[in-house]
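# Observations on chain architecture
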Amino acid sequence: MTTRTDRQSPTLHASDSHDLIRVHGARVNNLKDVSVEIPKRRLTVFTGVSGSGKSSLVFSTIAAESQRMINETYSTFVQGFMPTLARPEVDVLEGLTTAITVDQQRMGADPRSTVGTATDANAMLRILFSRLGKPHIGPPSAYSFNTASVRASGGITVERGAAKTRTVKATFNRTGGMCTRCEGRGSVSDIDLTQLYDDSKSLAEGAFTIPGWKSDSQWTVQVYAQSGFVDPDKPIRAYTKKELQAFLYGEPVKVKVNGVNLTYEGLIPKIQKSFLSKDKEAMQPHIRAFVERAVTFTTCPECDGTRLSEGARSSRIGRISIADACAMEIRNLAEWVRGLDEPSVAPLLTALQQTLDSFEEIGLGYLSLDRPAGTLSGGEAQRVKMVRHLGSSLTDITYVFDEPTIGLHPHDIQRMNNLLLRLRDKGNTVLVVEHKLETIAIADHIVDLGPGAGSEGGTVCFEGTVEGLRAGDTVTGRHFDDRATLKESVRKPTGALEIRGASAHNLRDVDVDIPLGVLTVVTGVAGSGKSSLVHGSVPAGENVVSVDQSPIKGSRRSNPATYTGLLDPIRKAFAKANGVKPALFSANSEGACPTCNGAGVIFTDLGMMAGTSTTCEDCEGKRFDSSVLEYHLGGRDISEVLAMSVAEAEEFFGAGEARTPAAHRVLGHLADVGLGYLRLGQPLTTLSGGERQRLKLATHMTEKGGVYVLDEPTAGLHLADVRQLLGLLDRLVDSGKSVIVVEHHQAVMAHADWIIDLGPGAGHDGGRIVFEGTPADLVADGSTLTGEHLAAYVGA
């Protein structure tokens, strides 16, 4: 008989030595041969000024290589269906684990996407109603607003054995829950015909007023004029009933126009396909203005905005239909689910309960499952994505977060911190890009990048603990204990913007006067109704400039010069100085290098492998044809100007031969928002979230308006950058503007002239004004959550 004895080896097991993620020689974007060692199963926070290289290191290097290596484990056939990822420019990457990225990308604005569909909560709810709903109307698809009911019958041919066929009658029936009137969108569009054409004119006289349809040579116009369905020389108001029906609602049919076969279709369905099927945010400004002017969206009268058919709404569990359940706040829905006692679906109820509780845990209990995904802020979208990871049984995963505290009131940040620590304590590696002190303070390890932004950053300034960072001489360390102070005196308002009976979303008939001529901060916990009050109630017009959180779109051909409109006066200045056309100085037009078509690089598609890009040998990456570079302005060619930083260009276009006031004015705005280090020709795809936010702000500063509405302008900003932002806001107000800021950052609150605090809670617990007054009065009052946190921040 042998006796088993547990003996522990005095030496470390070989598998336990892999406790670090090692990065050596990272050169992605602005990183300058960065080498770091990141401890596994710890919470590591990456800090540094906006544009210092944090996202390049965490997302574009560590997370990207992890994803690429996982993709390579699949067969070549499967890889052909997956996005191809290039290997990051780095010498060594060791110790990687599977990375799950939770970024700030807002969810798609697809009208069919909701909070419920994005998190699988809706799918579980549909199964629940298909099992317990009375009357029973069908399978889970019968409760889905994305599934239409289909019925079909007819003969099908069945082959049996050699050359034996017979026809049998078959029927097909699928029950869906989609409302047939709005097709599951919840709203119907009403098109104003007066915005489409002038009915006093004929088609030959140019009756259409649709953007791009005014030219007689335009193919679309010719299809209507030569279709034979209407008289092109008769005014539209003189059409017969039959002609008007064919003109507005005609079914698609082939017609011959100038010898070419084309499709004729009624004007209304043509407009719906051409304009209404696209994301409005992705449209060009003049097209978007046309859609907003010509189309009004109203709640569907048949389903009352629920998106569901009458059958799906009639099936209930107790007194609750699936439409009622999706319209509830998630915290109330969780209580209702908790009260259901049905052993036959116990596992389903448990899973649904865990998902709904996760929403409440991350501070999103005020949402409802029918909330359109496109209406969520960047911070809300990021936390919704977290829901699927909170209950995961996986361990030894690398979770990568991009500023998870964005959009969170100081009261909610502690809850987020607890979630990050929970993920770490399950044995996961948590990497967080963050600017908020409250989250930096809980880190086990800190990597501080800098010292500056853009070409002045890209190096590791500090690695170590929070205590070491505070004692260190880095930008983050020096500003770690910075605290804004309350103003000794505040500005006096010059007027007021009256809002009466505001009831959008959760607002409860709010009456408030927003003072003009001062810096006003609208604050409150997440979901209290701030954005609903400001964006839903402040009247839009020529005098109001609104800068929201919607992302700026741009390809690798887009850059700060093209996005801000700066390139137009620069091209004209070059053209005037050299006596040639402005189009020559555009890399997307006549001046483009013919070899690379103005891209500066040659892209080679390698099939299922990652494509490669090489610098164009003809233009050497300058993007322009060699003949264009012979033209100069102030001794510089166009490629040299685009290689300048904003600060250099501001000096260049401010005086001398190259003096261009229009360009100098735009460059001044870019410098004002702290983007003096950006190169004019730097691709937008390489900019960080904070840089893009400030680029958008600089663009809107060129607009003439008396009231500026800013939605969380501190998003993505370092502690040092916030101070610069406050100076910019002061300059705007001192120049005679009124500035209204929706914000959670205590430094901005302390700097305000007037504060409007909404609450006291989120969802149906919010929607009321709980305080109006100066920051000093809010601190002295101390009756609201905002007042408590602001008092703690300023040390009152």
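Along each chain, residue indices are assigned from 1 in the same order as the chain's sequence is written. Only residues with pLDDT of 70 or above have their local features reported here, since the model is predicted, and side-chain atom pairs are shown and tallied only from 80 upward, although totals for entire chains, interfaces and linings are computed over all residues. Note that the side-chain values use all heavy atoms of the structure and ignore hydrogens as well as water.

Per an unreviewed UniProt entry, the protein chain carries the name UvrABC system protein A and comes from Streptomyces sp. gb1(2016). UniProt positions are given in the numbering used here, feature names are shortened, and annotations may be inferred rather than shown by experiment. UniProt lists a comment for the protein chain under the heading Sequence similarities (unreviewed entry), and it reads "Belongs to the ABC transporter superfamily. UvrA family." The protein chain has a UniProt comment under Subcellular location (unreviewed entry) that states "Cytoplasm".

Turning next to the overall build of the protein chain. Each helix is a run of DSSP H or I of at least 4 residues and each strand a run of E of at least 2, with the numbering of both proceeding from the N terminus. A tally of regular secondary structure across the protein chain gives 28 helices and 27 strands. Radius of gyration here uses only the C-alpha atoms, and the compact-globule reference equals 2.2 Å multiplied by the residue count raised to the power 0.38. Expected size for 796 residues packed as a compact globule is a radius of gyration near 28 Å; at 30 Å, the protein chain falls within 12% of this value. On the principal axes, the C-alpha backbone points of the protein chain span a range of 95 × 85 × 70 Å. Considering the protein chain as a whole, with its 796 residues, one finds that 50% of them fall into the buried category. Counting only carbon and sulfur atoms, one obtains 49% of the accessible surface of the protein chain, whose full area is about 37,400 Å². By the counting rule applied here, Lys and Arg register as positive and Asp and Glu as negative, while His and the ends of each chain are not counted. Positions of charges follow a simple convention, taking NZ of Lys, CZ of Arg, CG of Asp or CD of Glu. Distance between charge centres in the protein chain, computed from 83 positive and 94 negative side chains, equals 7 Å. The buried label applies to any residue whose accessible area, calculated with a 1.4 Å probe on protein chains only, is under 20% of its type's maximum; exposed applies above 50%, and partly exposed to all values in between. The accessible surface values rely on the Shrake-Rupley method and a 1.4 Å probe; as for residues, cover is taken only from the protein chains in view.

Right, let's talk about the sheet that holds strand E27 (residues 768-773) for a bit. Taking strand neighbours across the sheet as the criterion, the 6 strands line up as E21-E24-E25-E20-E26-E27 in an open arrangement whose pairing is mixed. The open sheet terminates on both sides in strands that have one partner only, identified here as strand E21 (544-547) and E27. Direction aside, the axes of adjacent strands within the sheet are offset by 15° on average. Any two strands are treated as partners once DSSP identifies two or more bridges connecting them. With 4 bridges connecting them, E21 and strand E24 (residues 707-711) associate as parallel partners. Looking at the pairing, Val547 lines up with Leu710 of E24. Packing of helix H18 (residues 530-537) onto the sheet brings it into contact with strand E20 (519-524), E21, E24, strand E25 (738-742), strand E26 (754-759) and E27, and relative to E20 it is tilted by some 135°. The contact rule is simple, with two residues in contact once any of their heavy atoms fall within 4.5 Å. Every axis in this analysis is a line fitted to C-alpha atoms, fitted for helices over the stretch in contact. Angles between the N-to-C directions lie between 0 and 180 degrees. Packed onto the sheet, helix H25 (residues 719-734) meets E20, E24 and E25 and runs at close to 145° relative to E25.

Turning our eyes to something else, we now look at the pattern of salt bridges. Any carboxyl oxygen of Asp or Glu within 4 Å of a side-chain nitrogen of Lys or Arg constitutes a salt bridge here. Summed over the entire model, instances satisfying the criterion amount to 29 salt bridges. Note that Arg338 is salt-bridged to Glu335, the shortest N-O span being 2.6 Å. Here Arg338 pairs with Glu335, and both are found in helix H11 (residues 330-338), just 3 residues apart, close to one helical turn. Residue Arg338 is classed as partly exposed on the basis of its relative accessible area of 41%. Among the ionic pairs, Arg470 bridges to Asp481, the shortest N-O distance being 2.6 Å. With Arg470 in helix H16 (residues 466-471) and Asp481 in the loop between helix H17 (475-479) and strand E18 (495-502), this residue pair connects regions lying 11 residues apart in the sequence.

Turning our eyes to something else, we now look at the environment of His745. Mapped onto the fold, His745 is located in the loop between E25 and helix H26 (746-751). In this structure the C-alpha to C-alpha distance between His745 and Glu703, which are 42 residues apart in sequence, comes to 26 Å. Leaving out residues up to four positions away in the same chain, His745 has contacts with Lys436, Thr714, Val722 and Tyr793. Within 3.5 Å is the distance limit for a polar contact, defined as a pair of N or O atoms, with the added protein rule that one can donate a hydrogen and the other accept it, and that residues adjacent in sequence qualify only through two side-chain atoms. A polar atom in the side chain of His745 sits 3.1 Å from the backbone nitrogen of Ala747.

Of note, the amide linkage connecting Lys134 to Pro135 takes the cis form, showing an omega dihedral of -5°. Within the secondary structure, Pro135 is located in the loop between helix H4 (121-132) and strand E6 (150-159). In this structure, the amide linkage connecting Gly759 to the following residue, Pro760, adopts the cis form with an omega of 0°. Mapped onto the fold, Pro760 is located in the loop between E26 and E27. Not every positive phi belongs to a glycine, and Asp120 is a case in point at roughly 70°. By secondary structure assignment, the location of Asp120 is in the loop between helix H3 (115-119) and H4. Residue Asp120 is classed as partly exposed on the basis of its relative accessible area, which comes to 41%. Within the chain, Glu620 stands out as a residue other than glycine whose phi angle is a positive 55°. On the secondary structure map, Glu620 appears in the loop between strand E23 (612-615) and helix H21 (638-642).

Each pair of aromatic rings taken from Phe, Tyr and Trp, with Trp reduced to its six-membered ring, is defined by centres within 6.5 Å and is described as stacked if the planes are under 30 degrees apart, edge-to-face if over 60, and tilted in the remaining cases. Using the criterion set out here, one finds 13 aromatic pairs in the structure. Taking the centre distance of 5.2 Å and the plane angle of 35° together, the rings of Phe574 and Phe585 count as tilted. Taken together, the residues span a long stretch of sequence, with Phe574 in helix H20 (residues 567-578) and Phe585 in the loop between H20 and strand E22 (601-604) at a distance of 11 residues. Like Phe585, Phe574 is buried. Seen from their ring centres, Phe585 and Tyr631 are 6.0 Å apart, and the 70° between their planes marks the pair as edge-to-face.

It is worth spelling out a nonpolar patch on the surface at this point. A cluster of nonpolar side chains, Tyr74, Phe77, Val78 and Phe81, forms an exposed patch at the surface whose accessible area comes to about 470 Å². Residue placement: Phe77 occurs in helix H2 (residues 76-79). With a relative accessible area of 62%, Phe77 lands in the exposed category. Only residues above 30% relative accessible area that lack a salt bridge enter a patch, with like-charged residues linked at up to 9 Å and the nonpolar side chains Val, Leu, Ile, Met, Phe, Trp and Tyr linked at up to 5 Å.

Tracing the backbone through its elements, the reader meets Ser56 in helix H1 (residues 54-71). Residue Ser56 is classed as buried on the basis of its relative accessible area, which comes to 8%.

Taking burial as the measure, the 6 residues of E20 include 6 buried ones, the bulk of the element. Residues Leu519, Val521 and Thr523 line one face of E20 and the alternating positions Thr520, Val522 and Gly524 line the opposite face, and both faces are buried. Where E20 and E25 come together, 4 bridges link them in parallel fashion. Within the sheet, the bridge partner assigned to Val522 lies in E25 and is Val742. As paired strands, E20 and E26 are joined by 5 bridges and run parallel to one another. Following the sheet pairing, Val521 is matched in E26 by Ile755.

Looking now at helix H6 (residues 241-249). Where H6 is concerned, the buried positions are Glu243, Ala246, Phe247 and Leu248. Looking at the buried positions of H6, the neighbouring elements they touch are helix H5 (219-225), strand E10 (260-264) and helix H7 (267-276).

This part is about the packing of H4 against helix H12 (residues 346-361). One way to put it is that H4 packs onto H12 with a least axis distance of 10 Å and a crossing angle of 150°. Between H4 and H12, the interaxial angle falls into the category roughly antiparallel. For the crossing formed where H4 meets H12, the hand is left-handed. Facing Ala121, Met124, Leu125, Ile127 and Leu128 of H4, the residues of H12 in contact are Leu348, Leu349, Ala351, Leu352 and Thr355. Gly falls in the polar group here, along with every residue not listed as nonpolar (Ala, Val, Leu, Ile, Met, Phe, Trp, Tyr, Cys, Pro) or charged (Asp, Glu, Lys, Arg). Taken together, the residues of the contact of H4 with H12 sort by class into 9 nonpolar, 1 polar and no charged. Angular relationships are summarised with four words: roughly parallel below 35 degrees, roughly antiparallel beyond 145, roughly perpendicular across 65 to 115, and oblique for the angles in between. Left-handed is the label given to a crossing in which the near helix is rotated counterclockwise from the far helix by less than a right angle, and right-handed is the label when the rotation is clockwise.

Among the buried residues, those of types Ala, Val, Leu, Ile, Met, Phe, Trp, Tyr and Cys that are joined through side-chain atoms within 4.5 Å form a nonpolar core. Counting residues in each nonpolar core, the largest one holds 72 residues, and the members touching the most others are Ile570, Ile638, Phe653, Leu680 and Val739. It is H25 that provides the largest number of residues to this core, a total of 8 residues. In this structure, Val739 is in contact with Val518, Leu519, Thr520, Tyr708, Leu710, Leu729, Leu732 and Val733, ignoring residues within four places of it in sequence. One finds Met124, Ile322, Leu390 and Ile446 within the second-largest nonpolar core, a separate group that totals 69 residues.

Strand order in the open sheet made by the 3 strands is E2-E1-E4, with antiparallel pairing throughout. Every other strand in the sheet has two partners, leaving strand E2 (34-39) and strand E4 (92-94) as the edge strands with one partner each. Sheet twist, expressed as the average angle between the axes of neighbouring strands with direction ignored, equals 5°. As paired elements, strand E1 (residues 20-26) and E2 share 5 bridges and run antiparallel to each other. Across the sheet, residue Ala26 finds its bridge partner in E2, namely Val34.

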